[in-house]
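Per-entry structural report
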Amino acid sequence: QVQLVESGGGLVQAGGSLKLSCAFSGRTFSDYAMAWFRQVPGKERDFVAAITRTSGYTYYSDSVQGRFAISRDNAKNTVYLQMNSLKPEDTAVYYCASVYEGYYSDYTKLSLWDYWGQGTQVTVSS
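Let me sum up the structure you'll find in this document. (Residues numbered from 1 in each chain as written. Predicted model: local features only at pLDDT ≥ 70, side-chain atom pairs only at ≥ 80, totals over all residues. Heavy atoms only, no water.)

A word on unusual backbone geometry
- Even without being glycine, N77 reaches a positive phi, approximately 55°.
- Mapped onto the elements of the fold, N77 is located in the loop between β7 (68-73) and β8 (78-83).
- Even without being a glycine, S85 presents a positive backbone phi close to 50°.
- With respect to the helices and strands, S85 occurs in the loop between β8 and β9 (92-100). (Helix = DSSP H or I, 4+ residues; strand = E, 2+ residues; numbered from the N terminus.)

Some words on the environment of S17
- As for its position among the elements, S17 is in the loop between β2 (10-13) and β3 (18-25).
- Take S17: its relative accessible area is 40%, and that puts it in the partly exposed class.
- The contacts of S17, once residues within four sequence positions are left out, are V12, Q82, M83, N84, S85 and L86. (Buried < 20%, exposed > 50% of the residue type's maximum accessible area, 1.4 Å probe, protein only. Contact = heavy atoms within 4.5 Å.)

What about the pattern of salt bridges?
- Tallied over the full model, the rule gives 2 salt bridges.
- Here R38 and D90 are joined by a salt bridge, their closest N and O atoms 2.9 Å apart. With R38 in strand β4 (residues 32-39) and D90 in the loop between β8 and β9, this residue pair connects regions lying 52 residues apart in the sequence.
- R38 sits in the buried class, given a relative accessible area of 12%.
- For the salt bridge of D90 with R67, the shortest nitrogen-to-oxygen distance reads 2.8 Å. One end of the pair, D90, is in the loop between β8 and β9; the other, R67, is in the loop between β6 (58-60) and β7, and 23 residues separate them in sequence.
- Classification of D90 as buried rests on a relative accessible area of 1%.
- Through salt bridges with shared partners, a single network forms among R38, R67 and D90. (Salt bridge = Lys/Arg side-chain N within 4 Å of Asp/Glu carboxyl O.)

Quick word on the nonpolar core
- M34, W36, V79, L81, M83 and Y94 are the most contacted members of the largest nonpolar core, which totals 26 residues.
- Elements that contribute at least two residues to this core include exactly β3, β4, β5 (46-51), β7, β8, β9 and β11 (120-125).
- No other element matches the 4 residues that β3 contributes to this core.
- Counting 10 residues, the second largest nonpolar core, distinct from the first, contains A33, F37, Y107 and W113. (Core = buried A, V, L, I, M, F, W, Y, C linked by side-chain atoms within 4.5 Å.)

The following block contains the structure:
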């Protein structure tokens, strides 16, 4: 059973930066694609970024492209989300997700991802 534990959330001013981490355990990390989603109360969980198991490809939502960067360290079983130039609209609970890598056509689909962390709150003040 895969377990995911996010960390690194917090309160930051607009224009600032945060780096989220997600620790993976229970299976072979390098066999899994990883992603970040985010959710605000009363809204659907939205795709933020994804990375394939060998870091060969990364994907971003239009709203974070150029500001956020997803990366992974297969030696540390950890995926990261570096968030720069943060905006108040980035405020959300951020979730880490994983799926056994199958080179899927669409990594943005919520239903693709099998395992989820408990989430970490990111709050950006104006």
